[in-house]
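Examination of the molecular architecture
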Amino acid sequence: MVSSDPILRLEGVVKKFGAFTALHGVDLEIREGEFFTIVGPSGSGKSTMIRLLVGMDEVTDGAIWLRDQRIEAMPANLRPTCMVFQSLALFPHMSVGQNIEFPLKLRKVASSARKERALELLDLLRLPRDYYDKRISQCSGGEKQRVALARALAFDPEILFFDEPLSALDYRLRKTLEKELKNLHQRTGKTFVYITHSLEEAMVMSDRIAIMKAGHFEQIAVADEIYGRPVSRFVAEFMGEVNLFEVTSRDGTTLESPCLTVKSGTTNESLPAGGNGLLMVRPEFIRFCGEDESPDYRIKGRLLEEYALGSRIQYEVETETGQILTVEKLRQDRASSGDIGSEVMLGFDAARTHLIKDT
Amino acid sequence: MQQLNQKLGYLSALPMLAVFAIALFAPLVVVVLFSIMPSKVFSLANMPDFSAYSVFFSQGYYKSLIWSLGMALASTVILLVISWPLAYGMAKVFRKFTLVLTIAVVMSLFVSENIRLFGWVLTLMKGGLIEGHIRAWTGVGFDSPLYGVPIIIFGLVYVYLPFMLFPLAQGISMVPDDARQAAADLGATRWQIFRQIDVPLAAPGIVVGCLLSFVLAAGAVAESKILGGQAVITITDDIETAFTFGQDWPLGSSLSVILIVIIGTLALFGISRVDLDQIMGRKR
């Protein structure tokens, strides 16, 4: 479904609030039919970004293009886009049906056609048809979520924006709705732009993810690439548990680190001579080694803690240089050597590492 | 134990019940009883004949009632229109300035209504503060706007502004911002947001504000006397005259009962349509 043509394009978008700059000249292209997620910690500018995209705030500088139309100065009610609010912003004085029909009523669609469309949308969102006459206050959290979605879809937007709509829900419902949203995206073929602070939400649903930090995009890529090949320490750490070793390259061919023992000639990435970097390895790629194994990198350490994470077990290991490493194993692969306080040997292979060339 | 508590509860409510019975219901009962007595009697020990009610029609007292209700309606509509922007500002825009405004408006209530109205008379009368100064400076005078229906309505609007403004501001503050933003996002114009989001969600405040202003204005007497110079006679004016100069208690009582029934019906109808708990912020 995803075409290569951008439906939404940002050029040097700047947003200032007084002396504070929330967005520093952001460029972005979102493709037609894509599920695009913007992830960032609070204060990173992602909410400012979505307010600009839907027209609830004005850019200080720069341009926003919807296909070949410049829309940054267009008020929200004239833009052919629509947003699902974090609070959902359902109209409490209207029934479920009236909420869904609201955008159609504004366009003076005949009431029979409106009702027909509202019932279709109830079907699409797997709500019973008799919810049409229900009051909003009678709906559960998940049902309200679906009503808000139905209302946005009734608008038939070019792009559907989401401002952390799942953040207020409990874990199980969130998981269900994440999958439903992804499914809905596939069935409707619309362009979804989703904002969240939750990496998990982003990973489950998105075609591409943009990581935001302090008013600019740190990295924009598909989920696997952001997880496996982050461009910076910030992205690496934001995308879940990670082990980072500060490395230097004396001769431009091998990497060195105080706590790592490197089997020579194993690095598959390189730094210029004298360059510094971070060698990243995710916790699931570190293993406990026996005497007979010879991984590319070896580290001696002491087992500090063991945490059960459900299907996985997480270990904390302190190296001889005092760095704390995180190791994760599936429950069935639980390490047998694991007495708290005991000496362990850790190892991982160069193919599982990623070199971040910033420090 | 619970029974004892209940008994004590009823007992401790007795003094207040007595006050209500004596101060509120007893006069009402007396008024209702007098309203059905024959004309100009001063005792309830007469045969009821309802003649006072026929006088209401035959001697044109219904005209005073229509003036009262009409001017109350006009002032309520004007109050609603002029208070809305101010109330909206107080609820959504002014922030700290809202407190200053609230205090300013409430302060005006510290001065007696009559004194404030006489202040307007001194300001507006021929040779008064405005006309007098302008004539002294320019040599051109003009007629005083006093002593007419418009100035009475102005007086009602002026005096009852707080009773519209505050409930309205409270009502508007109950309109969630995100609902307005969502409506705009879904394509609603400002007018559509006003009609379909603001008005229905602020309705409890609108109803209470209108009810208070209308009820108070319909029972008002000072504005027509002081500013209006009795250009028109209001029903309350008639009631007062019947009891005092007219020495016709049954007539005064019957006029009172008619006013009470009309306003009481309106008030009950209005109150039944709003959720007072919601206004008081006890639930959303």
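Residues numbered from 1 in each chain as written. Chains lettered and ligands numbered in written order. Predicted model: local features only at pLDDT ≥ 70, side-chain atom pairs only at ≥ 80, totals over all residues. Heavy atoms only, no water.

1. Things to note about the overall build of chain A
From N to C terminus, chain A includes 8 helices and 19 strands. By principal-axis analysis of the C-alpha atoms, chain A measures approximately 75 × 45 × 40 Å. A buried classification covers 51% of the 359 residues belonging to chain A. If you sum the accessible surface of chain A, you get close to 16,300 Å²; carbon and sulfur atoms cover 47% of it. Of the side chains in chain A, 46 bear a positive and 53 a negative charge, and the two mean positions are spaced by 7 Å. (Helix = DSSP H or I, 4+ residues; strand = E, 2+ residues; numbered from the N terminus. Buried < 20%, exposed > 50% of the residue type's maximum accessible area, 1.4 Å probe, protein only. Areas by Shrake-Rupley, 256 points an atom, 1.4 Å probe, with all protein chains shown as cover. Lys, Arg positive; Asp, Glu negative; His and termini not counted. Charge placed at Lys NZ, Arg CZ, Asp CG, Glu CD.)

2. Comments concerning the overall build of chain B
Looking only at helices and strands, chain B has 13 helices and 0 strands in total. Relative to the compact-globule value of 19 Å for 284 residues, chain B shows a C-alpha radius of gyration of 24 Å, a clear excess of over 25%. Taken along the three principal axes of its C-alpha coordinates, chain B extends 80 × 70 × 35 Å. Of all 284 residues assigned to chain B, the portion counted as buried reaches 39%. Of all intrachain contacts in chain B linking residues separated by at least 6 positions in sequence, the fraction that spans at least 24 positions is 68%. Total accessible area on chain B stands at roughly 15,800 Å², and carbon and sulfur atoms take up 72% of it. (Rg over C-alpha atoms; globule rule 2.2 N^0.38 Å. Contact = heavy atoms within 4.5 Å.)

3. So, the sheet that holds strand S4 (residues 61-66) of chain A
All names here are of chain A. In space, the 4 strands of this open sheet follow the order S2-S1-S4-S5, with antiparallel pairing throughout. With partners counted over all chains shown, the strands left at the sheet margins are strand S2 (20-31) and strand S5 (69-70), one partner each. For strand S1 (residues 6-17) and S4, the ladder comprises 5 bridges, and the chain directions are antiparallel. Along S4, the bridge assignment pairs Leu10 with Ile64. Seen against the sheet, helix H1 (residues 46-54) touches S1, S2 and S4 and runs at an angle of roughly 120° to S1. (Pairing = 2+ DSSP bridges. Axes fitted to C-alpha atoms, helices over the stretch in contact; angles between N-to-C directions.)

4. Overview of the side chain of Lys46(A)
Residues and elements named next belong to chain A. Structurally, the position occupied by Lys46 is in helix H1. Judged by relative accessible area, Lys46 falls into the buried class, the value being 4%. A polar contact is formed between the side chain of Lys46 and the backbone oxygen of Pro41, at a distance of 3.5 Å. Setting aside anything within four residues of it in sequence, one finds Lys46 in contact with Ile38, Val39, Gly40, Pro41, Glu164, Ile195, Thr196, His197 and Met212. (Polar contact = N/O pair within 3.5 Å; in protein donor to acceptor, adjacent residues only side chain to side chain.)

5. A few points about the interface of chain A and chain B
Taken together, the 22 residues of chain A in the interface contact 16 residues of chain B. Interface area for chain A against chain B, summed over the two sides, is near 1,600 Å², with a carbon-plus-sulfur share of 64%. On the chain A side of the contact with chain B, Asn77(A), His93(A) and Leu106(A) bury the most area, a combined 33% of that side's loss. At the junction of chain A and chain B, the tally comes to 0 salt bridges. Contributions of two or more residues to the side of chain A that touches chain B are made by H1, strand S6 (81-84) and helix H2 (96-106) of chain A. If you tally residues by element for the side of chain A that touches chain B, the top one is H2(A), at 4 residues. Taken together, the residues of the side of chain A that touches chain B sort by class into 14 nonpolar, 4 polar and 4 charged. (Buried area = accessible area lost by both parts, 1.4 Å probe. Salt bridge = Lys/Arg side-chain N within 4 Å of Asp/Glu carboxyl O. Nonpolar A, V, L, I, M, F, W, Y, C, P; charged D, E, K, R; others polar.)

6. Here we look at the sheet that holds strand S19 (residues 354-356) of chain A
Backbone hydrogen bonds hold the strands of a sheet together, and the pairing may be parallel or antiparallel. Residue and element names in this part refer to chain A. As summarised here, the arrangement of the 3 strands in space is S11-S13-S19, forming an open sheet in which the pairing is antiparallel. On the outer flanks of this sheet lie strand S11 (243-248) and S19, each paired with one strand and no other. Across the sheet, the mean angle separating the axes of adjacent strands is 30° when strand polarity is ignored. Pairing geometry for strand S13 (residues 276-281) and S19, over 3 bridges, is antiparallel. Across the sheet, the residue bridging to Leu279 is Leu355, located in S19.

7. Section: the pattern of salt bridges
Close approach of charged atoms allows side chains of opposite charge to pair. Residues and elements named next belong to chain A. Taken as a whole and judged by the stated rule, the model has 26 salt bridges over all chains. When the shortest N-O distance is used, the salt bridge between Glu178 and Lys175 registers 3.3 Å. Taken as a pair, Glu178 and Lys175 lie in helix H5 (residues 171-188) at a separation of 3 residues, close to a single helical turn. Residue Glu178 is classed as buried on the basis of its relative accessible area of 2%.

8. Considerations on the nonpolar core
If you look at the biggest cluster of nonpolar residues, it comprises 128 residues, and the most contacted ones within it are Leu8(A) and Ile197(B). Element by element, the count of residues in this core is highest for helix H7 (residues 149-173) of chain B, at 12 residues. When neighbours within four sequence positions are excluded, Ile197(B) is seen to be in contact with Phe91(A), His93(A), Met94(A), Phe102(A), Val175(B), Ala179(B), Arg180(B), Ala183(B) and Gln192(B). Residues Phe245(A), Leu260(A), Leu271(A) and Ile313(A) belong to the second largest nonpolar core, which totals 23 residues. (Core = buried A, V, L, I, M, F, W, Y, C linked by side-chain atoms within 4.5 Å.)

9. Points about the domain arrangement of chain A
Residues and elements named next belong to chain A. Examined at the domain level, chain A breaks down into domain 1 (6-233) and domain 2 (241-356). One C-alpha centre belongs to domain 1, the other to domain 2; they are set 39 Å apart. Listed per partner, the contact involves 8 residues of domain 1 and 8 residues of domain 2. When domain 1 packs against domain 2, the two sides together hide about 640 Å² of surface, and 55% of this comes from carbon and sulfur. Together, Tyr227, Pro230 and Arg233 form the three largest contributors to the area buried by domain 1 at its contact with domain 2, with a combined 76%. (Domains from an automatic or database assignment.)

10. Digging into the side chain of Glu201(A)
Residue and element names in this part refer to chain A. Within the secondary structure layout, Glu201 lies in helix H6 (residues 199-205). In this structure, Glu201 is buried with no salt-bridge partner, the nearest side chain bearing the opposite charge being Arg174 at 4.0 Å. The contact partners of Glu201, leaving out residues within four places of it in the chain, are Leu166, Arg174, Glu178, Tyr194 and Thr196.

11. Points about helix H4 (residues 141-154) of chain A
With 14 residues, H4(A) extends 20 Å from end C-alpha to end C-alpha; this agrees with the ideal 20 Å at 1.5 Å per step. Counting buried positions over the 14 residues of H4(A) gives 12, a clear majority of the element. Taken together, the buried positions of H4(A) are occupied by Gly142(A), Glu143(A), Gln145(A), Arg146(A), Val147(A), Ala148(A), Leu149(A), Ala150(A), Arg151(A), Ala152(A), Leu153(A) and Ala154(A). Contact partners of the buried residues in H4(A): S6, H2, helix H3 (111-124), strand S7 (159-163) and H5 of chain A together with helix H8 (177-185) of chain B. (Expected span 1.5 Å × (residues − 1).)

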